[in-house]
Structures are given as structure tokens and as C-alpha cells.
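Summary of structural features
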Amino acid sequence: MAGRSDGIVRAVLGPTNTGKTHLAIERMCAHSSGVIGFPLRLLAREVYDRVVKLKGESQVALLTGEERIAPPTARYWLCTAESMPVPSPSRVPGGTDDKKDFAFCAIDEAQLGTDPERGHVFTDRMLRARGREETLILGSASLKPLVRQLIPEAEIVSRPRFSTLRYGGSVKLSRLPPRSAIVAFSAEQVYALAEMLRRFKGGAAVVMGALSPATRNAQVDMFMRGEVDYLVATDAVGMGLNMDVAHVAFAGLDKFDGRRERRLTIPEMAQIAGRAGRHQRDGTFGTLGLGGENGPAFTDEEINAIEEHRFRPLDHLYWRSADLDFTDVTALIHSLEARSDDPLLRPAPPGIDLAVLKALAEDPAVADRRGVVARRLWAACGLPDFRKVGPMHHARMVRRIFNSIADGGHVSQDWFAAEVSRLDNVSGDIEALADRLAGVRSWAYIAHRADWLAEPAKWAERTRYVESRLSDALHAALTQRFVDRRTAVLVRDIGARGADALPVTVAADGEVSVGPEPIGHLTGFDFKVDPTARLADKRLLLAAAERRLGDELDRRARELCAGEDGRFTLFAPAGGDIGIAADGHLLARLAPGRSLTEPALRTVRALDRLSAPARTELRAHMETWLERQVKRHVGDLARLTAASSDRHYGPPVRALTAMLADAGGLLPRKALAEPIGQLDRPMRAALHKLKVRLGALDVYAPSLMKPEAQRWRAALIAVRSGQPMPALPRPGASVLTADADRLGASLAYRQFGDLWLRVDLADRLAAFAHQARAGYQAGSETPFDPIDRSLATSLGLTDQALSRLMAEVGFREQSGAWAWRGTHQRSRSRPQPTRPGNAFAALAGLKR
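A brief look at the structure comes next. What you see is a predicted model; the values in this text were computed from it and never measured. (Residues numbered from 1 in each chain as written. Predicted model: local features only at pLDDT ≥ 70, side-chain atom pairs only at ≥ 80, totals over all residues. Heavy atoms only, no water.)

**Description of the overall build of the protein**
Along its length, the protein carries 28 helices and 34 strands. Looking at the protein residue by residue over its 848 residues, the buried ones come to 52%. Summed over all atoms, the accessible surface of the protein reaches about 39000 Å², with 50% contributed by carbon and sulfur. (Helix = DSSP H or I, 4+ residues; strand = E, 2+ residues; numbered from the N terminus. Buried < 20%, exposed > 50% of the residue type's maximum accessible area, 1.4 Å probe, protein only. Areas by Shrake-Rupley, 256 points an atom, 1.4 Å probe, with all protein chains shown as cover.)

The following block contains the structure:
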């Protein structure tokens, strides 16, 4: 494929729904070989499946950033625009080009050359990608003057739209006609609209550009089979995806384009609206009214332009030089920022690949790279930011990849395997699954670089498997959340009667009735069907009830948020999940979060039936309540966490508080011997203010010994470790029996022989022993007894437990008397006695 060709060059221009893509497929299959570049991976996959049916799998290849199916005998290649095999004119010592010669070539949606982010790619393909015999440039009619000036040899063919597109005004969600697509411009808005359609219409399919092809196809198939009559999508739906849509409703006319919030251009509106109508079937477009409002409004100029397909001609395309200089990195950057002599070709805004290159070039070790190594650096910078984390964060991943491949090496298989395994997890909500899908796309891209991995085929299969699992899980999660099949059946069945005419009531005791018939019970937010209900059409009435319960559930949520905090409790049954309950009903489960004292909240499925604002408000209220309760009962843990990163404290204090906070406020003193040995007097005073006790056996926060603090501490530790809630002893229990091994280990108890003793009481006995030793007068006739007999008796400690405790404190029993371990003579001078009750001061000065 070269910049010029003796073959025919045609520009097939016109509005959407003109069959341009079908024409390209038809023309390609008439040639001995061909390639087509598409704007979306989803569209490339769709056309690949169609061509496979015509030519067979062995003849057809699919090439995208994350997917490569390339049989050795492949003659027809379906690609994303970025992945099209176009020879590079770049100057590099010893460099070679991967040249492919095709009889036919086509570039789809060429008007995307005006896109600030990807426009330079489409411009490059339009100017340089050529077929040996025939080339098609497919795009909007607004591209015509630019084609005439930039490609004067091209024959321009105008294609009329097969069907009529008319403005249908603003329609409320409840009156939206079947076979409608709603277009929104954020994932949050897509989810909110899909939830409303589930409540009012029985459900909707969801299509977004971030979905994998498998997930997207499964959602579209559900719509095409008629399981749901509605589809909610982002503006990615406008890029040639073929669906049976009769009406397109715009939920908004503004979008964030990566830099600012702006109104859609008329061509963008037309691209999306053009999805309505199929072949010769007419379609309509309009806006969506919500909350009693008419919704966003088109201007008369916009409506006329869309209906008549009349748009202002394009006056420029974005361009970036393909003639790159790999002499060194500085030369490479200069060549990427070169300007065209043609005023129609504007310099493309800096892309993330160039931003990453500049960030890495700040390192002299990278900036000095030349020739082939500089080419490898630029290839690594081409890794797309699928996770949308921004240039600086993305540059760290690119740098690690480049370090591996710079000198002809490979990406570490251990690192690759560990990251893919971490993403191979199908649990979690829609957002978590979508985030993992975005993550695995990066590794799929790496796996399809044969020069980056030692075993690319193996890892490509591995990433494909993980993406397939996540796609299936995401489709199931989307369907579960946004489709109510019973309500969908209800809406179709009752037709003109209207389900809203059916009276649904909720009694004070939670009994739900449709008309005079009880059909179930509402407990908290959970609706249970009455198994004894006898209804002529149980499915229809049940679906009607579920639709109409939304207002009651929202009312209960608002009442709960406005009520007293006392209605919320920590739900922590022994051996069960841990969460938050209200009036005895579980509303959310706790999951591992950012730290021990900041667990994450996972609302139960029953709350999915709330409206999005009500669920958001209730969730925020529960999060606030949880934060207050953690501060109230285990606030010292939160203070330890804060102190661990506070530079006001010295390194020994920060290290000690970090280890202590991570362990839940309790650690054996031996585990902290190193930071304790570095503490000076001011540091010990600081720990004292933080309410940390440096006990003889354990270091702990005394406030955590209180019964309710013990309960919260045990719950938070169980949540972080993914374990069920342990069985708790009775409140205030001092001693546990020996058969409570697991219980004692998970709570604030220390084992001494056949008993477990609470650590603060063990500390009191240890403090008494050291005070007794410090105050003992050598040569006294009174026997030395380091044991607080009254406390030991009240606790019911056995002789075995006492002996073990005293041995750990540092005493040994010999000839019926106690001696300090390793000391055979006592000082004849009387030590300065320690004030009674100040055990912390005595232990703070103790050298272990």
C-alpha cells in the first residue's frame, strides 16, 4: 500500500443509512484481497463476522489493538484505523517496513479526521492508504471539498439516504415508543436511564464504547430478539453499528470532549440521529423529557440540517507527520510536532502517546536512545490508555514495558501473568467488572505484539479467555440490574389498558396488594411474593406491583435518611457476613476498603429497586453513619493511621503507629522491638498522647478493650481478611478457656497455658510485678512476691497460667520464691520506687 496508486480512488460520501459500509464489503469481496479500516473495534468485529460467513475463516483476518486473528492464508483484513497495515516512511538506521499489498482498500468514517484525539490517524489513512486496484474513502458529504483539494484524482460519488429521518419532538420516558434508543453522554447517565426503563418499561439493553465486543453483541442481541424494546447507549452507537431502531431520543445535547463541556455539532447530532430507520424504513429523532420537563431542545436550524442532511463543509483535518525521525528521541519529538505545508492540514493536538514520550524523555537514560531502540520506545508509547488514568500514571506502565523491550528483550512473563490473574475475577458490581475489562485490554494489546513477549500466542489466548469471562459476567450483571423480564412481559401484554390503572397498595404491616388481592409482603426494602396468593394472572399483577413499589421504596429511603441514627446498627452475626442494618433489615455489606478503618460499602440487591437519587442518598447516609461509628468506637485506630503518615512525628513513631494500626491496635511487644528501641523520651510522650500503651508483653490502645470497641475491631478485621464474624465472648469477659483458640487469637487476648487473658489485664499483672521488683529491698525478711494475688484470684487464674505469665514477664520460680530471670544477686541499694497506679510510666522507662 503506497501513498499513490494506479488504481481507482473513489470517495463515497453521504449521510448515515446509505449502505456505505455494505458497499465497501461488497467491493472488497469482489477483489482478490482487501483491507478496511474502521473507527471502532466493535464495528471491525461486526464486519469480520459478516465477511467470515462469505469467505470462510481461513480467508479473513481481524486486526485491532487488543485482538488479532490472522490466519496465514488470510486475504481480507478488517482493522481499526490505527491498526491498518500501512507502510511507514520513517527514517531509521537499519529499519524495515512491514509492507502489505492489497488489491482493495477502504477507510470508513473518514470525516473523523476532524476529531482532536484520533483525527490525525484518519487523515493519514485517507491520504496514504491505497489499494492496488481500488480505494474507497467513505464518509460524510461535508468532506467533499477537502477530498477535491487533497486528493484531486479521487472520483466523488454521492449516496442518498435510503429512508426518511424526521424530528419527533420531546417525549417523556413513560411515553417512549418501542424500538427506541436513548443516547446519553456519560456512563452514570446511561445507568440511571437504564434503571428507570427497568422500572417503567421492563428493562433496556446497554451499549457503550468501553464494553467488549462480546458484551456489546450480547446486549444488542437481546434488543434485536425483542426481549427488551429499549436500548440506552453512549454516542458510540452513531459509528455505523447496525440495529433495528425506529426512534433515537437524545438525553442531552452537550458532551465532555476530554477538555471541556460543549454542545454537539450538527454533524455529530446527525451521525447519532441517523441510527433511526433501517434500509428503507423511516425513522424519527427527538429529545427525552425527564421529571416533568421537556428536556433539551434542538434549534430550528439543527432540525432542518439533520432532516435535509445539509451540513457546513469541513475546512480542515487534523494531521501528524508519518515521516518520523528516529535518529534520537529529541529528533523523534521534533518530527512528531512538525507542521504541514498545506493549510488544510492543521497540527493535531498532542495525544497521550506524545505526552507519554515527552514525560519519559525527561530521563537522560531514555532521551539518549537512538535508531531501532527509539522506534521501540515510540511503539511502547503507542500503548492506549484504556484505563483512562492520564499521561503521568500511564507513563509508569509504558516505562516498565520499554525497559523490558529496549534491547530486544521481552516483557516479564511473571509480571504479565500476575497482572492478568489479578484481573481474572468475575465478582463485583458493574463498575468493578468494567474497570477490570479496561485493564485486561492493555494486556491484550501487549499480548498481540509478537516482539514484546516470548510466547505471544499463549498470552493472547490467556487474555482472550479473561476478557471473555469478564464480558459474560458484565453482560449478566447488566441484564440482572437493568432488565426485569416479568415487567417487560407485563408492558407488552396489558397494552392499551395500562398497568398504571391497576391499584397497588402497601399496608402498614408491609402487605402489598393489587386491587383487593394480596400478592406479597414488603419487609424493609425486600419484596417477597406471597406463595398463597391466588390470582387469575399472577405474573401480570406481580409485575405491576413491582413497578409501582418504586415510590414506596423511595419514601422509605427518605424516611430512613431523615430519622435518628439509632435505627442503623452494625449487622455482625457470628459466622455470618458483616454489614449495616436498619430496623433489623440488612441494607449493605462491608468489604475490604482503603484501610482497616475505611471499609467499602456494598448495598444489597434489594436497594437496586430504589431510584438512583434515593439510592445515592441512602448510601451516602450509611457511609456517614459508618464513619461516625468507627470514630466513636475505634477512633484511636483512625488516629494511629493518621499519625503513621504525619511528618510531625519521628520515623520510629510513624513506623510503630503504622504497624499497630494495620494490626488493629494490638501487637506483641517483641514484634515492635526495633521501633521501640529507637524511641526517645519525647517520642514516648507523643505515643502516650496517642493513647498507646507500651506494655511489658503487648503494645496496644487501651480504649479497644471496651466491649463495643472489641466488637467493632473484630468486625473490621474480619472484613479486611474476608472472614466471617467470629463469635464474641460475653461483654467485659476477662478470661477465656483454652478451647477458644481461634476466638482468642482474633480478639485482644493472650494465651497463658490453659487460659486466654485479656491483654490489658495481663499488662496490669506485668506492671505490678515490675513495680514489686523495683520496690523490693534487698535483704528484706519479707519474701519477694511479684504477683498481684487479689487481681489474680478475682480473675480465676490457675497456677499454670500464672507461671506462664510470670515467665513471659521475665521472672522464674526457684525454691518456692520468685527471682528475676538471669539475676543471681540483687542490688543492696534501694531503687527509687515508682508511684502506684502509674504503670505506663514505669514500663516506659523499662529496658527490655
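**Notes on the pattern of salt bridges**
Per the counting criterion, the structure on display carries 48 salt bridges. Here the residues in one salt-bridge network are Arg-41, Arg-45, Asp-49, Glu-66, Glu-67, Arg-441 and Glu-467, joined through shared partners. (Salt bridge = Lys/Arg side-chain N within 4 Å of Asp/Glu carboxyl O.)

**A look at the sheet that holds strand β12 (residues 230-233)**
Pairing in this open sheet of six strands is parallel, and the strands run β9-β16-β13-β10-β12-β11 from one edge to the other. Here the strands that pair on one side only, and so sit at the sheet edges, are β9 (165-172) and β11 (205-207). The average angle at which neighbouring strand axes cross in this sheet is 25°, direction not considered. Where strand β13 (residues 247-250) and strand β16 (residues 283-289) come together, four bridges link them in parallel fashion. What sits directly across from Ala-249, in β16, is Gly-286. Against the sheet, helix α6 (residues 213-224) engages β10 (180-183), β11 and β12, with an angle of about 140° to β11. Of the strands in this sheet, β9, β10, β13 and β16 touch helix α7 (residues 266-273), which is tilted by about 140° from β13. (Pairing = 2+ DSSP bridges. Axes fitted to C-alpha atoms, helices over the stretch in contact; angles between N-to-C directions. Contact = heavy atoms within 4.5 Å.)

**Focus on the side chain of Arg-320**
Within the secondary structure layout, Arg-320 lies in the loop between β17 (317-319) and α9 (329-336). Arg-320 sits in the buried class, given a relative accessible area of 12%. If we skip the residues at most four places from it in the chain, Arg-320 touches His-120, Leu-336, Asp-353, Leu-354 and Trp-378.

**Some details on the state of the cysteines**
Applying the stated criterion across every chain, the model contains zero disulfides. Cys-105 takes part in no disulfide bond, and the closest cysteine sulfur to it belongs to Cys-79, at a distance of 9.2 Å. The class for Cys-105 is buried, based on a relative accessible area of 1%. (Disulfide = S-S within 2.5 Å.)

**Some thoughts on helix α22 (residues 681-689)**
Listed as buried for α22 are Met-683, Arg-684, Ala-686 and Leu-687. All buried residues of α22 lie within an arc of 155° about the axis, which places them on one face of the element. In this structure, α22 carries Arg-681, Pro-682 and Lys-689 as exposed residues pointing more than 90 degrees from its buried face. The residue sitting at the N-terminus of α22 and contributing the capping side-chain oxygen is Asp-680; that oxygen lies 2.9 Å from the backbone nitrogen of Met-683. Positive phi appears at Lys-691, one or two residues downstream of α22, with a value of about 65°. (Arc of directions from axis to C-beta. Polar contact = N/O pair within 3.5 Å; in protein donor to acceptor, adjacent residues only side chain to side chain.)

**Considering the environment of Asn-403**
The residue Asn-403 is located in helix α13 (residues 391-405) in this model. Asn-403 gets classed as partly exposed once you look at its relative accessible area, which sits at 48%. Taking the C-alpha atoms as reference, Asn-403 lies 9.0 Å from Leu-377; in sequence the two are 26 residues apart.

**Some words on the sheet that holds strand β23 (residues 568-571)**
Strand order in the open sheet formed by four strands is β23-β24-β25-β26, and the pairing between neighbours is antiparallel. Each edge of the sheet is formed by a strand with only one pairing partner; in this case those strands are β23 and β26 (598-603). Across this sheet, the average inter-strand angle for adjacent strands is 35°, counted without regard to direction. In the sheet, β23 pairs with strand β24 (residues 579-582) via four bridges, with the strands oriented antiparallel. Within β24, the residue paired with Leu-570 across the bridge is Ile-580. The strands that helix α19 (residues 612-643) touches are β23, β24, β25 (585-595) and β26; relative to β26, the one it contacts most, it runs at about 150°. Helix α23 (residues 707-721) contacts β23, β25 and β26 of the sheet and is inclined by roughly 70° relative to β25.

**Observations regarding the pairing of strand β31 (residues 749-752)**
Across four bridges, the pairing between β31 and strand β32 (residues 755-758) is antiparallel. Looking across to β32, one finds that Gln-751 is bridged to Trp-756. Hairpin connection, β31 to β32: the antiparallel pair is bridged by two residues, and Gly-753 has positive phi, about 65°.

**Regarding α9**
Counting buried residues along α9, six of its eight residues qualify, which places the element largely inside the surrounding structure. Turning to α9, its buried residues are Val-329, Ala-331, Leu-332, Ile-333, Ser-335 and Leu-336. Where the residues of α9 are buried, they touch α10 (352-361), α11 (364-367) and α12 (371-381). The N-terminus of α9 is capped by Asp-328, whose side-chain oxygen sits 3.2 Å from the backbone nitrogen of Thr-330.

**Re the packing of α10 against α12**
Axis angle and axis distance: for two packed helices, these are the angle between their axes and the distance between the axes, and together they describe the pair. Contact geometry for α10 and α12: axes closest at 8 Å, N-to-C directions at 130°. Between α10 and α12, the angle falls in the class oblique. For the element pair α10 and α12, the recorded crossing hand is right-handed. Where α10 approaches α12, its residues Asp-353, Leu-354, Val-356, Leu-357 and Leu-360 are matched on the opposing element by Leu-377, Trp-378 and Cys-381. A class-by-class count of the residues in the contact of α10 with α12 yields seven nonpolar, no polar and one charged. (Parallel < 35°, antiparallel > 145°, perpendicular 65-115°, else oblique. Left-handed = near helix turned anticlockwise from the far one by under 90°. Nonpolar A, V, L, I, M, F, W, Y, C, P; charged D, E, K, R; others polar.)

**Focus: the nonpolar core**
Phe-525, Phe-568, Ile-578, Leu-618, Met-622, Leu-656 and Val-692 are the most contacted members of the largest nonpolar core, which has 73 residues in total. For this core, the leading source of residues is α19, giving 10 residues. The contacts of Leu-618, once residues within four sequence positions are left out, are Phe-525, Ala-557, Leu-560, Cys-561, Phe-568, Leu-607 and Leu-610. Judged by nonpolar contacts, the second largest core, of 72 residues, contains Ile-333, Leu-377, Ala-380 and Leu-474. (Core = buried A, V, L, I, M, F, W, Y, C linked by side-chain atoms within 4.5 Å.)

**So, the environment of Phe-811**
Position of Phe-811 among the secondary structure elements: in strand β33 (residues 811-814). Residue classification places Phe-811 among the buried positions, given a relative accessible area of 2%. Distance in space between the C-alpha atoms of Phe-811 and Arg-773 is 9.9 Å, their sequence separation being 38 residues.

**Some details on the side chain of Lys-20**
Summarising the element assignment, Lys-20 is placed in helix α1 (residues 20-29). Lacking a salt bridge, the buried Lys-20 has Glu-109 as its closest oppositely charged neighbour, with an N-O distance of 6.1 Å. One polar contact links the side chain of Lys-20 to the main-chain carbonyl oxygen of Gly-14, over a distance of 3.2 Å. Non-local contacts of Lys-20, meaning those with residues more than four positions away in its chain, are made with Val-12, Gly-14, Pro-15, Leu-138 and Gly-139. (Lys, Arg positive; Asp, Glu negative; His and termini not counted.)

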